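Inside the fold
Each chain, written out:
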Amino acid sequence: MVPAQLLAAVSYMTDLIPDGCLYHSWRVALLSQHLASIIAPEIRRDVFYAGLLQEIGSIGAMEHITSYNSLELQVNDPHIKAHPERGAAILDWLPGLAEASALVRSHHEWWNGTGFPDGLAGDDIPLGSQILRLADAADSAGSFENRAAIAKGLRNLAGFTGYAWSSSLWADFVGSTTDTAFYKPFLDKKSLPKLMAQTCKEIAVPDELNNEEGIERILHVVAAMVDLKDPATRGHSIRIARYAKSLAKHMCLSSEDAHLAYRAGLVHDCGRLGLPSHLVNRTGRLSDKELTIVRAHAGMTIRAFNCLPDCPEMVALGEIAGHDHERFDGQGYPDGLTGERIPLISRILSAVDAFDAMNSVRSDRMVSSKAAVIRLQQNAGKQFDPQVVEAMVDLAGLGGFGEELATAA
Ligand SMILES: [Fe+2]
Ligand SMILES: [Fe+2]
Ligand SMILES: [Fe+2]
């Protein structure tokens, strides 16, 4: 797995919707690195990664970030107002991205000092953040739906020059829009994944992040985003990762597969990032229509890891993570797979996910760890793989979940 491609998938997750992707952060990243390559090539890489991840702190807001398209709407919603700092804090977990983190922090500063969070003005705002501000505003104004929209978008945005960004940056941006070699694929949604894949290849992540430890940290960022989306289930993803790894080891899977189970656990609920917040936060009964939307999250997990061409390892991780709601009897989703057609690690995730759901304080049907294990046994062969349940009972009896069970209790 390549960290750059994985970061592009994380970026895609911030724009996931049940039937597609809004591509806001991809467009901002591509546009910003294009402008940087012309006016400040030395910051192209930082601007690109900051662009990909600029909105991760906004996960959990009631609406998608692009719905808050005025400064007034942004500062009036505490969640949105906090997203530059929150996003920068999450980026600080990723070695090598300190510069990108600083750019994310300042990507809502305005040239005239009225932006947030620090009220910086003029050249006190890092150039990369100025570029991100302009690209963000241009995409939020719908300027890149097609060629004709660009002219309309530019007319709408011109009035902000001198307020939100400098006149020289505006002139550079307008000049850059004549580069048809970039804009042709950029304006076509169908060619965006290929353009993103090419750009990820061209702009590798810093060496500090370009390793297995880096990949692990990025997957933890995904788990943190899922927590932001639904703070009531905080810690669920990491608990599932730990349980799944312990169980995989206990079932004598190879250490590679146990590690894969850990990684899949971290990201197993990432499709939930694309669900409307009001559905995720609801504790009461859902209507059939709402239930269908919520269930779509499993397919969305698979789609998020399949957002770029030619990334087989990433696709494989998504397939395992996204099939954790299949049932052994074939009554699950998204594909209604049966028995051993469901990947073994997905079957492991399914059992530990149900265990954690029953055992968590959020659940209105919260039961003890022991009772949760009994319920799994009652559903062995129906919802769950009997072999997985047996191993789980065995491991729980041995105190093998030890610390994890204690954390969950
Ligand atoms: Fe933003
Ligand atoms: Fe799920
Ligand atoms: Fe889950």
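Because the structure is predicted, anything quoted here is derived from the model rather than measured.

1. Examining the coordination of the iron ion (ligand 3)
Only His236 (NE2), His268 (NE2), Asp269 (OD) and Asp353 (OD) from the protein reach the iron ion (ligand 3) as donors, at distances of 2.2 to 2.3 Å. Bound by four donor atoms, the iron ion (ligand 3) shows angles of 76 to 172° at the metal and therefore irregular coordination geometry. The sequence pattern describing where the donors of the iron ion (ligand 3) fall on their chain is H-x31-H-D-x83-D.

2. Re the packing of aromatic side chains
All told, the structure shown has 13 aromatic pairs when counted by the stated rule. Aromatic pair tryptophan 110 and phenylalanine 160: ring centres 6.0 Å apart, planes at 85°, arrangement edge-to-face. Placement of the pair is tryptophan 110 in the loop between helix H7 (98-105) and helix H8 (127-140) and phenylalanine 160 in the loop between helix H9 (147-158) and helix H10 (167-176), with a sequence separation of 50 residues. In this structure tryptophan 110 comes out as buried when scored by relative accessible area, which is 13%. With a relative accessible area of 36%, phenylalanine 160 lands in the partly exposed category. For the pair tyrosine 183 and phenylalanine 186, a centre-to-centre distance of 5.6 Å together with 85° between the ring planes defines the contact as edge-to-face. Remark: phenylalanine 186 and tyrosine 183 occur in helix H11 (residues 180-186); sequence separation between them is three residues, near one turn of the helix. Here tyrosine 183 and phenylalanine 186 have matching classes, each one buried.

3. Examining the coordination of the iron ion (ligand 2)
Around the iron ion (ligand 2), the donor atoms from the protein are Asp269 (OD), His297 (NE2) and His325 (NE2), and they sit 2.2 to 2.3 Å away. Counting the intervening residues between successive donors of the iron ion (ligand 2) yields the motif D-x27-H-x27-H. The distance between the iron ion (ligand 2) and the iron ion (ligand 3) is 4.0 Å, with aspartate 269 acting as a donor to both metals. Taken together, the residues span a long stretch of sequence, with histidine 297 in helix H17 (residues 288-304) and histidine 325 in the loop between helix H18 (312-322) and helix H19 (344-359) at a distance of 28 residues. Here histidine 297 falls in the buried class, since its relative accessible area comes to 3%.

4. What to know about the side chain of aspartate 324
Tracing the backbone through its elements, the reader meets aspartate 324 in the loop between H18 and H19. Arginine 272 is the oppositely charged side chain nearest to the buried, salt-bridge-free aspartate 324, at an N-O distance of 9.3 Å. In contact with aspartate 324, other than residues within four places in its own chain, are His268, Ser346, Leu349, Ser350 and Asp353.

5. What about the domain arrangement of the protein?
Annotation of the protein at the domain level lists domain 1 (3-207) and domain 2 (230-408). Taking only C-alpha atoms, the centre of domain 1 and the centre of domain 2 are 34 Å apart. Listed per partner, the contact involves 21 residues of domain 1 and 17 residues of domain 2. Surface buried jointly by domain 1 and domain 2 totals about 1500 Å² across both partners, of which 74% is contributed by carbon and sulfur atoms. The interface formed by domain 1 and domain 2 holds zero salt bridges in total. Taken together, the connections running from domain 1 to domain 2 amount to five residue pairs in polar contact (both at pLDDT 80 or more). In terms of residue count, helix H1 (residues 3-14) provides more of the side of domain 1 that touches domain 2 than any other element does, six residues in total. Tallied by class, residues from the side of domain 1 that touches domain 2 come to 16 nonpolar, three polar and two charged.

6. Remarks on the nonpolar core
If you look at the biggest cluster of nonpolar residues, it comprises 123 residues, and the most contacted ones within it are Leu7, Trp26, Tyr49, Phe173 and Phe186. Looking at which element gives the most residues to this core, the answer is helix H13 (residues 212-229), with nine residues. Mapping this core onto the domain boundaries places at least three of its residues in each of domain 1 (3-207) and domain 2 (230-408). Phenylalanine 186 has contacts with Arg27, Leu30, Leu31, Phe144, Leu192 and Leu195, leaving out every residue within four places of it along the chain.

7. Notes on unusual backbone geometry
Cis rather than trans, the peptide bond between phenylalanine 116 and proline 117 has omega equal to 10°. Assignment of secondary structure puts proline 117 in the loop between H7 and H8. Note the cis peptide between tyrosine 333 and proline 334, where omega equals 10°. Following the sequence through the fold, proline 334 ends up in the loop between H18 and H19. Notably, aspartate 310 is not glycine yet its phi reads approximately 60°, a positive angle. Summarising the element assignment, aspartate 310 is placed in the loop between H17 and H18. Looking at aspartate 310, the relative accessible area reads 73%, which means it is exposed.

8. Concerning helix H2 (residues 24-39)
With 16 residues, H2 extends 22 Å from end C-alpha to end C-alpha; this agrees with the ideal 22 Å at 1.5 Å per step. Most of H2 is tucked away: 13 of the 16 residues are buried.

9. What to know about the packing of helix H3 (residues 44-53) against H7
Between two packed helices, both the angle of their axes relative to each other and the distance between the axes serve to describe the pair. At a minimum axis separation of 8 Å, H3 and H7 run at an interaxial angle of 55°. Viewed along their axes, H3 and H7 adopt a mutual orientation that is oblique. Every pair of crossing elements has a handedness; the one defined by H3 and H7 is right-handed. Of the residues in H7, those touching H3 at Asp46, Val47, Tyr49 and Ala50 are Glu99, Ala100, Leu103 and Val104. Classifying every residue of the contact of H3 with H7 by side-chain character gives six nonpolar, no polar and two charged.

10. Things to note about the side chain of serine 32
Mapped onto the secondary structure, serine 32 falls in helix H2. Look at serine 32 and you get buried, because its relative accessible area is 0%. Setting aside anything within four residues of it in sequence, one finds serine 32 in contact with Val47, Ile131, Leu132 and Ala135.

Criteria and cut-off values
Residues numbered from 1 in each chain as written. Chains lettered and ligands numbered in written order. Predicted model: local features only at pLDDT ≥ 70, side-chain atom pairs only at ≥ 80, totals over all residues. Heavy atoms only, no water. Donors = N, O, S within 2.8 Å, 3.2 Å for Na, K, Ca; no water. Tetrahedral: all angles 85-135°; square planar, octahedral: opposite > 155°, others 65-115°. Phe/Tyr/Trp six-rings, centres within 6.5 Å; stacked < 30°, edge-to-face > 60°. Helix = DSSP H or I, 4+ residues; strand = E, 2+ residues; numbered from the N terminus. Buried < 20%, exposed > 50% of the residue type's maximum accessible area, 1.4 Å probe, protein only. Lys, Arg positive; Asp, Glu negative; His and termini not counted. Salt bridge = Lys/Arg side-chain N within 4 Å of Asp/Glu carboxyl O. Contact = heavy atoms within 4.5 Å. Domains from an automatic or database assignment. Buried area = accessible area lost by both parts, 1.4 Å probe. Polar contact = N/O pair within 3.5 Å; in protein donor to acceptor, adjacent residues only side chain to side chain. Nonpolar A, V, L, I, M, F, W, Y, C, P; charged D, E, K, R; others polar. Core = buried A, V, L, I, M, F, W, Y, C linked by side-chain atoms within 4.5 Å. Expected span 1.5 Å × (residues − 1). Axes fitted to C-alpha atoms, helices over the stretch in contact; angles between N-to-C directions. Parallel < 35°, antiparallel > 145°, perpendicular 65-115°, else oblique. Left-handed = near helix turned anticlockwise from the far one by under 90°.

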